[in-house]
Amino acid sequence: MTSMALLPTATEHDRLREPLGVRHALLVFVAPRSLFKRVEDTGAYGWALVTLLGLVMLLGYAEVQTGLIDRVVDEHTEKQLAKLEETQLNLVDRIELKDRMESIRKAAVFEKTMTRIGVVALKPMYLLASFMLIASALYAMAALTGRKPEYHTLMSICVYAGFIELAAFVLQLGMMLYFKTTEIDTSLRALGPIGKFNPLAAIDPFRIWFWILVWMGLTVTQQLSRRMAIATCSILCLLAMGGRVALEFA
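Bear in mind the structure is a predicted one, so any value in this text is a computation, not a measurement. (Residues numbered from 1 in each chain as written. Predicted model: local features only at pLDDT ≥ 70, side-chain atom pairs only at ≥ 80, totals over all residues. Heavy atoms only, no water.)

### Overview of the nonpolar core
Test applied: Here, nonpolar core refers to any group of buried Ala, Val, Leu, Ile, Met, Phe, Trp, Tyr and Cys residues whose side-chain atoms link them within 4.5 Å. Buried means the residue's accessible area, taken with a 1.4 Å probe over protein chains only, is under 20% of the maximum for its type, while exposed means over 50%, and partly exposed covers the values in between. Runs of E in the DSSP output that reach at least two residues are strands. Runs of H or I that reach at least four are helices, and both are numbered from the N terminus. Throughout, a residue-residue contact means that at least one pair of heavy atoms, one from each residue, lies within 4.5 Å.
Core analysis: the largest hydrophobic core is formed by 47 residues, its most contacted members being Phe 131, Tyr 160, Phe 163, Val 214 and Leu 218. The leading source of residues in this core is helix α9 (residues 205-220), at 8 residues. Ignoring any residue separated from it by four or fewer positions in sequence, one finds Tyr 160 in contact with Leu 20, Gly 21, His 24, Ala 25, Val 28, Leu 35, Ala 44, Tyr 45 and Ala 48.

Right, dumping it as structure tokens:
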């Protein structure tokens, strides 16, 4: 009777300790605590990471295929050419003006190529690098607090929380198609002044969601105490926002 009574508990325990896989990624949206309870200090997150980076790359390829990158660059190029012709027409000879216009066109072709490479290849690489950097920072913090840090556990937390970034990229692509421009993101930029210093551009609800999930993962896996996890994630989130503002107005 005792063994029969304990059987469901053992089965439930085995289910909870089932190795993480790609199929568990959706749990980050509906039951993140259940997801993080499965995390172990192994490389089981590998296929989830490969899938995430592959989907980000496919979204980048889809953005290229929409033609919006070329459209936006062409619009900027036409404005530059019109301004150049308007301001320099009577100041330089036609040969020099033609050379300057040709330089602008070549720069536009280069910009298109680099932007395509950026959204298809560099965006997944940036995402991977950010996961590794965050996991390393959290590893150092856990070690400083006297706990035993587990790098694979921390990477698992970052990777599965990173599926929130994937949702942000999907939404961003949808908004690009709707508004017919690539100059849009999931931040609160639209609520602030245009063309001026706009601190709301640094506030992205999806990034905040990401850091909340990281905090939750740290506490569930006991890599950091609740208070230390809140402090660490808050500081890293603010640093990320500050970096975004610096890049925006550099």
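### Regarding the packing of helix α6 (residues 94-144) against helix α7 (residues 151-161)
In plain terms, the rule: The axes used here are C-alpha line fits, helices contributing only the stretch in contact, and every angle between their N-to-C directions lies in the interval 0 to 180 degrees. Should an angle lie under 35 degrees it is considered roughly parallel, over 145 roughly antiparallel, and from 65 to 115 roughly perpendicular; all remaining angles are considered oblique. In this scheme the crossing of two helices becomes right-handed for a clockwise turn of the near helix relative to the far one and left-handed for an anticlockwise turn of less than a right angle. Gly is put with the polar residues, along with every residue not named as nonpolar or charged; the nonpolar set is Ala, Val, Leu, Ile, Met, Phe, Trp, Tyr, Cys and Pro, and the charged set is Asp, Glu, Lys and Arg.
As a packed pair, α6 and α7 sit with axes 9 Å apart at the nearest point and diverge in direction by 135°. Here α7 runs oblique to α6, going by the angle between their axes. Handedness of the crossing formed by α6 with α7: right-handed. For the pair α6 and α7, the contacting residues are Phe 131, Met 132, Ile 134, Ala 135, Ser 136, Leu 138 and Tyr 139 in the first and Tyr 151, Leu 154, Met 155, Cys 158 and Val 159 in the second. Classifying every residue of the contact of α6 with α7 gives 11 nonpolar, 1 polar and no charged.

### Quick notes on the packing of aromatic side chains
This is how it is decided: Between 30 and 60 degrees the pair is tilted, below 30 it is stacked and above 60 it is edge-to-face, where a pair is any two Phe, Tyr or Trp rings, Trp via its six-membered ring, whose centres lie within 6.5 Å. Remark: a charge is flagged as sitting over a ring if the NZ atom of Lys or the CZ atom of Arg is within 6 Å of the ring centre and within 35 degrees of the ring normal.
Inspection of every chain in the model, using the stated rule, returns 6 aromatic pairs. Ring centres of Tyr 160 and Phe 163 lie 6.3 Å apart, and the angle between their planes is 25°; this geometry places the pair in the stacked category. Each of the two residues, Tyr 160 as well as Phe 163, counts as buried. An angle of 85° between the planes, with centres 4.9 Å apart, marks the rings of Tyr 178 and Phe 179 as edge-to-face. For Tyr 178, a relative accessible area of 64% translates into the label exposed. Following the ring pairs from residue to residue traces out a cluster consisting of Phe 29, Phe 206 and Trp 209. It is Lys 123 that lies over the ring of Phe 169; its NZ or CZ is 4.6 Å from the centre.

Coordinates in, geometry out; function isn't part of it.
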